[in-house]
Amino acid sequence: MKATILNLAVAASLAAGAAAQPHNHGHHHHKRGTPVEKREVETTYLPATTTQYMLGNDEVSAEEAKDGLDKGLYIVVGETTPTYTPPPPPVVTSSSSKEDAVFIQKVTSTSSSVATSSTSTSTSSAAPATSSSTYSTGGATGVDAEFPDGKIKCTDFPEKYGAVPLDHLGLGGWSGLQFTPGYSLGDMAISFIETGIKGMAKQKGFYSYACPDGYVKTQWPSAQGSTKQSVGGLLCNSDGYLELSRPSSKTLCERGVGGVSVKNDMGKNVAICRTDYPGIEAMVIPVDSAPGTTRDIANIASTDYYHWGDLPTTLQYYVNQPGVSVDDGCVWDCAEDHDECGNWAPTILGVGKAADGNTYISLFPNKPTSSAKPRMNINITGDVSIQCYFQDGKYAVGDNGCTTTIPSNGKAVIHFTDA
């Protein structure tokens, strides 16, 4: 079961701010902080998805949750991660369902321009347009260079060490900023987190970043948000210098386990936007699938990467409509086509390699946030256990999407074609 925590806003002024800029967990990862994350299955796919919304200890209906999130009355402050049992060899015999839960809570502070996170005290966590767009997270210059701990100013984006600047966000290249004025090394949890937005002065806290195609960031602190927020990135210390928040990893990026790519055989690009997780969890880390190209997307070994509490996680990608640029689509709230872009993109891909050696790939609608459907066909091909696609307006298996697997050393291609 997965959980996302809802919070009630006390002033209308915060509603606009929370909608435009993720309030910590304020963006609406309604049913997956990292989808495909492990889940229980009894067959080779997960045709059904059930989302449960929790306000404190009480369950909230999907309709009430969506309405509250859309109006800024609720924000997401935490999620659980489903677990799964490895499926048998590809024989489709029965169906199984996944039950996610979204925890929501009340917003207790207001601001007309800055959204601040909630306060808390508990759990800790272990363990990179249109077809003319020039945006790219390809290449790995400096990605293997060890980061000089405490030597680089927080105002200097560490591109030479493999981090990929996201200039379209206006955060100095960073994918997300989480200011934590009360945090000290050794803290078990972080009780106050303020999500930085464009134009804010740099402060003490955690500065998250993107990595090249096929790579993921390595830095996040063992202390996480006390109300289940994820926290990630380099630490900007009180002296204004960047420190490794996870010193066991000396580089900023590491290569994922691979095996998954995207191929575009259309005349328009597809902006694919991964959530910044752990971190602000907005869908801001882009892969621009340009016409006629094939590009790797990151895949992680879930048991060896970031854990939410004691639960392994996977990666999620929001897939925009054809022709939306990464500058326009890989943001929380798009300037145009709001109902089918960014947080409201029509479909989501979930990717992660489980302890059984299989990589699980899910393709599912962005419910209940968006009612949009992709204006293209999407087919997962390669060494897959079962068919999983969106084609001619319908998902394989059922309305809630599908999940397929590839074995260790297998390959899968997410193929975009004209509808």
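The structure reproduced in this document is the subject of the present report. Just so you know, these numbers come straight off a predicted model, no measurement behind them.

### Considerations on the overall build of the protein chain
Next, step 1: Of the regular secondary structure elements, the protein chain holds 3 helices and 29 strands.
Next, step 2: When each of the 419 residues of the protein chain is scored for burial, the buried share is 61%.
Next, step 3: Approximately 15300 Å² of the protein chain is accessible, and the part contributed by carbon and sulfur atoms is 48%.

### Looking at the sheet that holds strand 28 (residues 402-406)
Pairing between the strands of a sheet comes from backbone hydrogen bonds, and it takes one of two forms, parallel or antiparallel.
Next, step 1: Overall, antiparallel pairing links the 6 strands, which are arranged 18-17-22-23-24-28 in an open sheet. Across the chains shown, the open sheet's two edge strands, defined by having one partner strand only, are strand 18 (283-289) and strand 28. On average, each strand axis in the sheet is inclined to that of its neighbour by 25 degrees, with strand direction left out of account.
Next, step 2: Bridging between strand 24 (residues 359-365) and strand 28 involves 5 bridges; their strand directions are antiparallel.

### Quick word on the pattern of salt bridges
Next, step 1: Following the criterion strictly, the structure yields 3 salt bridges and no others.
Next, step 2: Put simply, D276 and K217 hold a salt bridge, and the shortest N to O gap is 3.0 Å. With D276 in the loop between strand 17 (270-275) and strand 18 and K217 in strand 11 (residues 215-217), this residue pair connects regions lying 59 residues apart in the sequence. Each member of the pair, D276 as well as K217, carries the same accessibility label: buried.
Next, step 3: The partner of R375 in a salt bridge is E340, with the nearest N and O atoms 2.4 Å apart. Here the residue R375 occupies a position in the loop between strand 24 and strand 25 (377-382), and E340 occupies one in the loop between helix 3 (326-329) and strand 23 (347-353), the gap between them amounting to 35 residues.

### What about the packing of aromatic side chains?
Next, step 1: Counted by the stated rule, this structure contains 10 aromatic pairs.
Next, step 2: Where W174 meets Y207, the ring centres are 5.3 Å apart and the plane angle is 85 degrees; that geometry is what we call edge-to-face. Residue W174 is located in the loop between strand 6 (116-119) and strand 7 (176-179), and its partner Y207 is located in strand 10 (residues 205-208); the two are separated by 33 residues in the primary sequence.
Next, step 3: Classification of W174 as buried rests on a relative accessible area of 1%.
Next, step 4: Aromatic side chains Y183 and F206 sit 5.3 Å apart centroid to centroid with 65 degrees between the ring planes, which places their arrangement in the edge-to-face category. Placement of Y183 in the loop between strand 7 and strand 8 (189-190) and of F206 in strand 10 is noted, with a sequence separation of 23 residues between them. Considered together, Y183 and F206 belong to a single accessibility category, that of buried residues.
Next, step 5: An aromatic cluster is present here, built from F157, W174, F179 and Y207 joined pairwise through their rings.

### Comments concerning the side chain of E281
Next, step 1: Its location among the elements puts E281 in the loop between strand 17 and strand 18.
Next, step 2: Reaching out from E281, the side chain makes a polar contact with the side chain of S230 at a distance of 2.9 Å.

Conventions adopted
Residues numbered from 1 in each chain as written. Predicted model: local features only at pLDDT ≥ 70, side-chain atom pairs only at ≥ 80, totals over all residues. Heavy atoms only, no water. Helix = DSSP H or I, 4+ residues; strand = E, 2+ residues; numbered from the N terminus. Buried < 20%, exposed > 50% of the residue type's maximum accessible area, 1.4 Å probe, protein only. Areas by Shrake-Rupley, 256 points an atom, 1.4 Å probe, with all protein chains shown as cover. Pairing = 2+ DSSP bridges. Axes fitted to C-alpha atoms, helices over the stretch in contact; angles between N-to-C directions. Salt bridge = Lys/Arg side-chain N within 4 Å of Asp/Glu carboxyl O. Phe/Tyr/Trp six-rings, centres within 6.5 Å; stacked < 30°, edge-to-face > 60°. Polar contact = N/O pair within 3.5 Å; in protein donor to acceptor, adjacent residues only side chain to side chain.

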